[in-house]
Amino acid sequence: MERPYILHMFTPSRQMSPFDVNMAADAGYQIIVPYTDVSIDDVKGLTQDTIFSRGPKGVARTGIFIGGRDTTLAADMTERALASMFKPFVVSVMADPSGAHTTAAAMVACVEAALKRHHGHHGHHSHHTRGLAGQRVLVLGGTGPVGRIAGVIAAQAGADVHLSSRQGADVAQSAATATGQRFGVTLHGASAGDPAALRASLADADVVLACAAAGVQVLSAADLAFATRLKVAADVNAVPPEGIAGVGVTDDAKPIAGSAAARTVLGIGALAIGNVKYQTQHRLLVQMRQAERAQVLSFAEAVAVARAVLAEAAP
């Protein structure tokens, strides 16, 4: 009998996300086993139990998925799993804590596509816009998992990235420093602790990424009046009220009505981003399951897939 496709799912949380279990099943994994409350020190033993029992042929049909809520811990757990394996006993590893890698990848790729469209409309040297290079990006809710990774991806694409926090400049700066150091980019902190601080940050922003908690409006229509340089605003909140006033959940680079910027501001809503996130996560899981050679799939791979999904969809 053919060996089944097995996915071992490790999470430091009390539960594995049912969303990720469903995604794994739909990608063709036949046996999916969640391991909860997994500490970094548990990873070596679990990984070695994963690899030794299947032999060199079986490892190609075996994968490890790393979840949880903390993007730095997921990166550390991925490194620990990789360090615990040796040839020929090597399995694929994919990390997507809180869906943050695939969500952030989808969000940034959608923004890049919108920027190209935006510049194209206005004839601003559209032949050499590499999307985010040189753009100032403000991440609202920048200390959460999606905000941090979206910030890292945008910085890697050449943007000047500011992570903001409603808890003020110190909290934002410490998240920016820690995340930047861990992933090898420069990130800045910005306060969104009061309306004046938020509006000061908005005045310089070319792009706003709203990554705050569901059901919280982070930008009102009045706030948007201060965003005079804004080109694209993206929001991952699908729960009313919308995170950014005037950006509907299904908007896919749709002009925001009544925005004050000199040019049209394009809004990208949560379901438009979610559609790309879903396709990105599905493709990564399928790629992991089908690969002959062991893969390591993190947010860099997620961005490449999200960009490909959007390139296929482009008219």
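Structural notes, computed from the coordinates.

What counts and how
- Residues numbered from 1 in each chain as written.
- Predicted model: local features only at pLDDT ≥ 70, side-chain atom pairs only at ≥ 80, totals over all residues.
- Heavy atoms only, no water.
- Helix = DSSP H or I, 4+ residues; strand = E, 2+ residues; numbered from the N terminus.
- Expected span 1.5 Å × (residues − 1).
- Buried < 20%, exposed > 50% of the residue type's maximum accessible area, 1.4 Å probe, protein only.
- Core = buried A, V, L, I, M, F, W, Y, C linked by side-chain atoms within 4.5 Å.
- Contact = heavy atoms within 4.5 Å.
- Phe/Tyr/Trp six-rings, centres within 6.5 Å; stacked < 30°, edge-to-face > 60°.
- 1 Å grid on protein atoms, 1.4 Å probe; cavity = no way out; pocket = protein on both sides within 12 Å on 5 of 7 lines; lining within 4 Å.
- Points joined across faces, edges and corners; volume = space filled by probe spheres on them.
- Nonpolar A, V, L, I, M, F, W, Y, C, P; charged D, E, K, R; others polar.
- Pairing = 2+ DSSP bridges.
- Axes fitted to C-alpha atoms, helices over the stretch in contact; angles between N-to-C directions.
- Salt bridge = Lys/Arg side-chain N within 4 Å of Asp/Glu carboxyl O.

Describing helix α6 (residues 145-156)
If you check α6, its first and last C-alpha atoms are 17 Å apart, about what 12 residues at 1.5 Å a residue would give, namely 16 Å. With 10 of its 12 residues buried, α6 lies for the most part within the structure. Immediately downstream of α6, the backbone of Gly 158 shows phi near 100°, a positive value.

Structural notes on the nonpolar core
Within the largest apolar cluster, 63 residues are counted, with the highest numbers of intra-cluster contacts made by Val 111, Leu 132, Val 161, Leu 209 and Ile 268. Examining the composition of this core, we find that 11 residues originate from one element, helix α5 (residues 100-122), more than from any other. Those residues in contact with Leu 209, other than ones at most four positions away along the chain, are Met 107, Val 111, Val 137, Leu 138, Val 139, Leu 140, Ala 150 and Ala 234. Ranked by size, the runner-up nonpolar core spans 19 residues in total, among them Leu 140, Leu 224, Ala 227 and Leu 230.

Let's talk about the packing of aromatic side chains
Each pair of aromatic rings is reported with the distance of its centres and the angle of its planes. Taken as a whole, this structure holds 4 aromatic pairs when the rule is applied. Both rings, one in Phe 10 and one in Tyr 35, keep their centres 5.5 Å apart while their planes meet at 85°; by these two values the pair is edge-to-face. One end of the pair, Phe 10, is in strand β1 (residues 6-10); the other, Tyr 35, is in strand β2 (residues 31-35), with 25 residues separating them in the sequence. For Phe 10, a relative accessible area of 0% corresponds to the buried category. A relative accessible area of 25% places Tyr 35 in the partly exposed class. Between the aromatic rings of Phe 183 and Phe 299, the centroid separation amounts to 5.3 Å while the plane-to-plane angle is 80°, which identifies the pairing as edge-to-face. You can see Phe 183 sitting in helix α7 (residues 169-183) and its partner Phe 299 sitting in helix α11 (residues 299-313), a full 116 residues away along the chain.

A word on the layout of surface pockets
If you add up the space inside the largest pocket, you get close to 420 Å³. Of all elements in the fold, only α5, β10 (252-255), α10 (270-290) and α11 reach the threshold of two or more residues within the lining of the largest pocket. At 7 residues, the largest contribution of residues to the lining of the largest pocket is made by α5. In the lining of the largest pocket, the residues fall into 14 nonpolar, 2 polar and 8 charged.

A word on the sheet that holds β10
In spatial order, the strands read β7-β6-β5-β8-β9-β11-β10; together these 7 strands make up an open sheet with mixed pairing. Because the sheet does not close on itself, it has two edges, and the strands there are β7 (188-191) and β10. Neighbour to neighbour, the strand axes of the sheet diverge by 25° on average, direction disregarded. Pairing of strand β8 (residues 207-210) with strand β9 (residues 232-235), which is carried by 4 bridges, proceeds in the parallel orientation. Of the residues in β9, the one forming a bridge with Leu 209 is Ala 234. Sitting on the sheet, α6 touches β5 (136-140), β6 (160-165) and β8, and the angle it makes with β6 is about 165°.

Let's talk about the sheet that holds strand β12 (residues 296-297)
Strand order in this open sheet of 5 strands is β2-β1-β3-β4-β12, and the pairing throughout is parallel. The sheet terminates laterally at β2 and β12, the two strands that pair on one side only. Direction of pairing for strand β4 (residues 92-95) relative to β12: parallel, over a ladder of 2 bridges. Note on β12: the bridge partner recorded for Val 93 is Val 296. Sitting on the sheet, helix α2 (residues 43-52) touches β1, β2 and β3 (62-66), and the angle it makes with β1 is about 180°.

Brief notes about the pairing of β8
Side chains of β8 alternate between two faces, with Val 207 and Leu 209 and Val 208 and Ala 210 buried alike. Examined bridge by bridge, β5 and β8 share 4 bridges and lie parallel to one another. When the sheet's bridge partners are listed, Val 139 is paired in β8 with Leu 209.

What to know about the pattern of salt bridges
Tallied over the entire structure, the rule returns 13 salt bridges. Taking the shortest distance from any N to any O, the salt bridge between Asp 204 and Arg 136 comes out at 3.9 Å. Within this pair, whereas Asp 204 is found in the loop between α8 (195-203) and β8, its partner Arg 136 is found in strand β5, the two being separated by 68 residues in sequence. Here Asp 204 falls in the partly exposed class, since its relative accessible area comes to 31%. The residue Asp 251 makes a salt bridge to Lys 254 at a minimum N-O spacing of 3.9 Å.

As for the environment of Val 111
Note on placement: Val 111 falls in helix α5. Distance in space between the C-alpha atoms of Val 111 and Val 207 is 8.1 Å, their sequence separation being 96 residues. Each residue touching Val 111, except ones within four places of it in the same chain, is listed here: Leu 132, Val 207, Leu 209, Val 232, Ala 234 and Ile 268.

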